[in-house]
Amino acid sequence: MDSEKIRKQAKDEFTEYLTFRKHRKTSERFAILDHIYTIKGHFNIDSLFNSMLEDASFRVSRSTLYNTIELLLDCGLVVKHQFGANSAQYERAYGNENHDHIICIDCGEVRESSSNLISDAQLKSIKKFKVSYYSMYIYGVCSKCSHARRMKLNRMRTK
């Protein structure tokens, strides 16, 4: 599905959600939603706030941003990730292919992989459950940190 259709579908769902729950439909909330759906990959609240400031087409307060993120999480348009001790990361729920998150336990780097470790057949075999999307977290040590560990160990042995 192209990005314009995804953004329209997200806006329609958000409008329905706000109407059903009797929340105000403000231009700030829709600007935040629209901005999120132009972002590829993960973002945190600070990076979202800063990118919206740079955009300059719409200014929002941090409190509006936090409150709107909570609404978007509740209605399923945004997904929240907590990768180890790092601050919360978010990503849009629609328009993302299923993917795995590979997290280094040393440096905290997060990479995405679309290797599809879980096949479509495995997902379909789950009885009485309609899978919307999935995300898998794989923790380990990246090659950079692994190399640094080996170098440190070698230095310790030569002393």
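Since this is a predicted model, take the numbers as computed values, not measurements.

(A) Seen up close, the packing of aromatic side chains. Per the counting criterion, the structure on display carries 3 aromatic pairs. For the pair F14 and Y17, a centre-to-centre distance of 6.4 Å together with 10° between the ring planes defines the contact as stacked. Of the two residues, F14 and Y17 are both situated in helix α1 (residues 3-20); the distance of 3 residues between them amounts to about one turn of the helix. A relative accessible area of 0% places F14 in the buried class. Put simply, the rings of F14, Y17 and F30 touch in pairs and so form one group of aromatic residues. The aromatic ring of F49 is capped on one face by R62, whose charged end is 4.1 Å from the ring centroid.

(B) Local environment of α1. Counted at 1.5 Å a residue, the expected span for α1 with its 18 residues is 26 Å, and the 26 Å between its end C-alpha atoms agrees. Among the residues making up α1, those that are buried are I6, A10, F14, Y17 and L18. Buried positions in α1, seen along its axis, are confined to an arc of 100° and lie on one side of it. The outward face of α1, more than 90 degrees from its buried face, is lined by the exposed residues E4, K5, K8, E16 and F20. Regarding α1, its N-cap is D2, as a side-chain oxygen of that residue lies 3.0 Å from the backbone nitrogen of E4 further along.

(C) Representation of the nonpolar core in the model. Counting residues in hydrophobic clusters, the biggest one holds 29 residues, and the most contacted among them are F14, I36, Y37, L48, L65, L72 and L77. Contributions of two or more residues to this core are made by α1, α2 (27-36), α3 (45-55), α4 (62-74) and β1 (78-81). For L48, the contacting residues outside a window of four places in its chain are H35, I36, I39, F43, L65 and I69.

Quick notes on the rules
- Residues numbered from 1 in each chain as written.
- Predicted model: local features only at pLDDT ≥ 70, side-chain atom pairs only at ≥ 80, totals over all residues.
- Heavy atoms only, no water.
- Phe/Tyr/Trp six-rings, centres within 6.5 Å; stacked < 30°, edge-to-face > 60°.
- Helix = DSSP H or I, 4+ residues; strand = E, 2+ residues; numbered from the N terminus.
- Buried < 20%, exposed > 50% of the residue type's maximum accessible area, 1.4 Å probe, protein only.
- Lys NZ or Arg CZ within 6 Å of the ring centre and 35° of its normal.
- Expected span 1.5 Å × (residues − 1).
- Arc of directions from axis to C-beta.
- Polar contact = N/O pair within 3.5 Å; in protein donor to acceptor, adjacent residues only side chain to side chain.
- Core = buried A, V, L, I, M, F, W, Y, C linked by side-chain atoms within 4.5 Å.
- Contact = heavy atoms within 4.5 Å.

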